[in-house]
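Here are the chains, one letter per residue:
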Amino acid sequence: MRIVLFGPPGVGKGTQAELLANHFHLVKFSMGDLLRQEVAVSSSIGRRVESYLKQGNLVPDDIIVELVYNFLLENRERDILFDGFPRNLNQAHSLEQNLAQLGQKIDFALELYIADEEIIKRLQNRLYCSSCGRIYNCLTDPPKKKGICDVCGQELIKRDDDEEPVIRRRLDVYNSQTRLLTEYYKELNVYKRIDASGSKEQIFKRICEILDGYIDKE
Ligand SMILES: [Zn+2]
């Protein structure tokens, strides 16, 4: 079973990926984690990645493709959840080709969906603990005492990248690149849209209703 999970920034994708991976015993593929790992162990790819990142450049596609292929080979017997990858059509094509070489394919492409205006409202109401990093939402998940972390009692702060112009820019990138995956995966007959409004438990339940019966939990 190979599942792609995608959705706009602020939709709660990371949380759902974590829940899904644990519940269905999936190996999680995250490009960010993989790049950090390679750099940390200073592999030959890792050293190349590091030199791009140091110069503030994007990691080129050929390195990305190589990393993905290595990961697929290593985990060919496992069920995989692709978390936030692919991000664009090029990456989707190369992922499909790589999988085909192993006689595999994407079984589900799940898009977590809520309206842009709803995302902006959510992110603008997000608060972070400056000490332990716990995230709150004034609307849906407020701290017990206003402005103070439940866990460690430190002050809660807003982050610059939760300001509206920054959010709009990130949504524009998503809508112009990643959202094209919708049509791509519809044609492959694996696309499902998940209503990502409500609590994380409600969203998770909606995803499980789709996947239950397809995945053996053992
Ligand atoms: Zn805290």
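Residues numbered from 1 in each chain as written. Predicted model: local features only at pLDDT ≥ 70, side-chain atom pairs only at ≥ 80, totals over all residues. Heavy atoms only, no water.

## Re the coordination of the zinc ion
The textbook angles at a metal center are 109.5 degrees for a tetrahedron of four donors and 90 or 180 degrees for an octahedron of six. Here the zinc ion is held by C129 (SG), C132 (SG), C149 (SG) and C152 (SG), and the distances to it run 2.3 Å. Coordination at the zinc ion is tetrahedral: its four donor atoms span angles of 99 to 120 degrees at the metal. Mapped onto the sequence, the donors of the zinc ion take the spacing C-x2-C-x16-C-x2-C. Here C152 lies in the loop between strand 6 (135-137) and strand 7 (156-157) and C132 lies in the loop between strand 5 (126-129) and strand 6, a separation of 20 residues in the sequence. (Donors = N, O, S within 2.8 Å, 3.2 Å for Na, K, Ca; no water. Tetrahedral: all angles 85-135°; square planar, octahedral: opposite > 155°, others 65-115°. Helix = DSSP H or I, 4+ residues; strand = E, 2+ residues; numbered from the N terminus.)

## Re the nonpolar core
Judged by nonpolar contacts, the single largest core of 31 residues is most densely connected at F29, F82, L95 and Y185. Among the elements of the structure, strand 1 (2-6), strand 2 (27-29), helix 2 (31-41), helix 3 (44-54), helix 4 (61-74), strand 3 (80-83), helix 5 (89-101) and helix 8 (181-187) are those that each provide at least two residues to this core. At six residues, helix 4 tops the list of elements feeding residues into this core. Each residue touching Y185, except ones within four places of it in the same chain, is listed here: V4, P86, A92, L95, I106, A109, V190 and Y191. By size, the runner-up hydrophobic cluster in this structure holds 27 residues, among which are L26, I120, I194 and I207. (Core = buried A, V, L, I, M, F, W, Y, C linked by side-chain atoms within 4.5 Å. Buried < 20%, exposed > 50% of the residue type's maximum accessible area, 1.4 Å probe, protein only. Contact = heavy atoms within 4.5 Å.)

## Remarks on the sheet that holds strand 4 (residues 108-113)
With parallel pairing, the five strands of this open sheet are ordered in space as 2-3-1-4-8. Sheet topology places strand 2 and strand 8 (191-195) at the edges, where each strand pairs with a single neighbour. Adjacent strand axes in the sheet meet at a mean angle of 25 degrees when their direction is disregarded. In this sheet, strand 8 lies alongside strand 4 in parallel orientation, the contact comprising five bridges. When the bridges of strand 8 are listed, A109 appears paired with Y191. (Pairing = 2+ DSSP bridges. Axes fitted to C-alpha atoms, helices over the stretch in contact; angles between N-to-C directions.)

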